[in-house]
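# Understanding the architecture of this molecule
Residues per chain, in single letters:
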2 protein chains.
Amino acid sequence: MAYTPVTRLHVDAPLAEGAEIALDAKAAHYLKNVLRLGPGARVALFNGRDGEWWGEVALLGKNGGTVRLGEQRRKPRPEPDLWLVFAPVKHARIDYIVEKATELGTSEIRPVMTERTNVARVNLDRLKANAREAAEQTERLTLPEIHAPEKLADLLASWPRGRSLLVCDESGTAPPIAEALAKRAPGPWAVLVGPEGGFADSELDLLRKLPFVCAVGLGPRVLRADTAAIAALALLQAILGDWRDGRGA
Amino acid sequence: MAYTPVTRLHVDAPLAEGAEIALDAKAAHYLKNVLRLGPGARVALFNGRDGEWWGEVALLGKNGGTVRLGEQRRKPRPEPDLWLVFAPVKHARIDYIVEKATELGTSEIRPVMTERTNVARVNLDRLKANAREAAEQTERLTLPEIHAPEKLADLLASWPRGRSLLVCDESGTAPPIAEALAKRAPGPWAVLVGPEGGFADSELDLLRKLPFVCAVGLGPRVLRADTAAIAALALLQAILGDWRDGRGA
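### Let's talk about the relation of the copies chain A and chain B
Once chain A is rotated about the relating axis by 180° and shifted along it by 0.0 Å, it coincides with chain B to within an RMSD of 0.0 Å. Here the two chains are linked by the operation of a two-fold rotation axis. A symmetric contact is evident, with 100% of the interface residues of chain A recurring at the interface of chain B.

Given below as structure tokens:
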């Protein structure tokens, strides 16, 4: 575990050797006042497209800063194609779900409204900031895409061909997750986690009829929604996803 | 997922039909002022030994209350024998680790001081309160035992015979977790997660020489310590633990 932490920043600009990259006021403030860095400090920048580049801080001011890029640190590489579909829960827990889903390699985060979802609004900017921070700290080269909330039924009605949906089913009748996943193939997957109050019976009936659904049980205890999401994502990555290949490049 | 949430309380007293169980001021306050319950309300009590019992609130006052027990709701049953050994991290994340470890069925939670652990004190009462709340909400019949911090080297020197230790190893050389666990047998296990700065090389060298250690990798991204702990516990429970049996009783 003896790795040296690198200060990583996500930016939107194209990255290439010698480029001067502008930092916004927030990023400049973070480097200057939180990390106490100054001109000459070494950072790494990524934008989700061009891999990751070493850079040297050239300027840090109140309204922004600049970083001059050196060598490429890592090339772009294929990322997992893994969605998390979840019913929004309250503040601290939704932050946590987005942070952990990002660390676990989720490519798209899709809040869905279900019958018993009792969180009316989702602060997308907050979720995006959480995802960005987690990606910066977890050596990811991309950010997950955060979608606006939609109705579960609408998402299911337009479900993409070929994507399997792992449903965390608390009814006690679904097969255990490790056993179920061992019988399945890698490919595009999604995890669906319901609200704290559970799915309505009509939702469960609908889900069970859908050919792309793989309903699984997560053991004898009742898990909170955030725990179920993290456990299911970790199991998918470990059994069918990119955890099978070791640490990789 | 359509289960009805039950108000559950952990108490120390022996539980039996007809018993009058005293609640302390904190529990009484929680029922009265947080849940807005009054005399006659139905609750369930557990103490880690006698299973779980239905009870009716008889009295709720400023200094405490009483619950009169009715039928047994669930009998005691064997619980997983699973330890979490981890280097303490800062407040919100340590709370989260204890909460999630409890939900995932951990029987003992053991903070350990490693070379790079930079959290000097652990508030055990706070950890115990977190574990108790998580057990109450997750239908567990027991609380995990929370140990005082000790040195990692001391714990390893007195390691119990027959217990395997899953070490989350970020070096990139350890086999992937699902592959490694598939070759192992159920039994007493422990998960070890290092501090945010990683293990020192001397610690890793020591760990790799120990016959009870099973070092595994958790994929290509860098995981925070809390994420690694939760992922490893979920994988152990799913592949070798009590998640294999479905929801159970």
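So that's the structure; there's more coming.
### Details of the nonpolar core
Counting 84 residues, the largest nonpolar core has Leu166(A), Ile177(A), Leu166(B) and Ile177(B) as the members making the most contacts within it. Look past the residues within four positions of Leu166(A) in its chain and what remains in contact with it is Ile177(A), Leu181(A), Trp189(A), Ala190(A), Val191(A), Leu192(A), Cys214(A), Val216(A), Ala232(A) and Leu236(A).

### Section: the pairing of strand β11 (residues 189–193) of chain A
Residue and element names in this part refer to chain A. Burial analysis of β11 places five of its five residues in the buried class, the great majority of the element. Across the two faces of β11 the burial is the same, with Trp189, Val191 and Val193 and Ala190 and Leu192 all buried. By the bridge criterion, five bridges tie strand β6 (residues 82–86) to β11 in an arrangement that is parallel. The residue of β11 that forms the bridge with leucine 82 is tryptophan 189.

### Observations concerning the domain arrangement of chain A
Residues and elements named next belong to chain A. Domain annotation of chain A identifies domain 1 (8–74) and domain 2 (82–245). Computed from C-alpha coordinates alone, the two centres of domain 1 and domain 2 are separated by 33 Å. With nine residues of domain 1 at the interface, the matching set in domain 2 holds eight residues. Here domain 1 meets domain 2 over a buried area of about 910 Å², counting both sides, of which 48% is carbon and sulfur. Applying the counting criterion to the domain 1 and domain 2 interface returns three salt bridges. Between glutamate 139 and arginine 74 there is a salt bridge, with its nearest N and O atoms 3.6 Å apart. Connecting domain 1 to domain 2 are eight residue pairs in polar contact (both at pLDDT 80 or more). Where the side of domain 1 that touches domain 2 is concerned, the elements lending two or more residues are β1 (8–10) and β5 (65–74). Residue composition of the side of domain 1 that touches domain 2, by class: two nonpolar, three polar and four charged.

Definitions and limits used
Residues numbered from 1 in each chain as written. Chains lettered and ligands numbered in written order. Predicted model: local features only at pLDDT ≥ 70, side-chain atom pairs only at ≥ 80, totals over all residues. Heavy atoms only, no water. Least-squares fit on C-alpha atoms with pLDDT ≥ 70 in both. Contact = heavy atoms within 4.5 Å. Core = buried A, V, L, I, M, F, W, Y, C linked by side-chain atoms within 4.5 Å. Buried < 20%, exposed > 50% of the residue type's maximum accessible area, 1.4 Å probe, protein only. Helix = DSSP H or I, 4+ residues; strand = E, 2+ residues; numbered from the N terminus. Pairing = 2+ DSSP bridges. Domains from an automatic or database assignment. Buried area = accessible area lost by both parts, 1.4 Å probe. Salt bridge = Lys/Arg side-chain N within 4 Å of Asp/Glu carboxyl O. Polar contact = N/O pair within 3.5 Å; in protein donor to acceptor, adjacent residues only side chain to side chain. Nonpolar A, V, L, I, M, F, W, Y, C, P; charged D, E, K, R; others polar.

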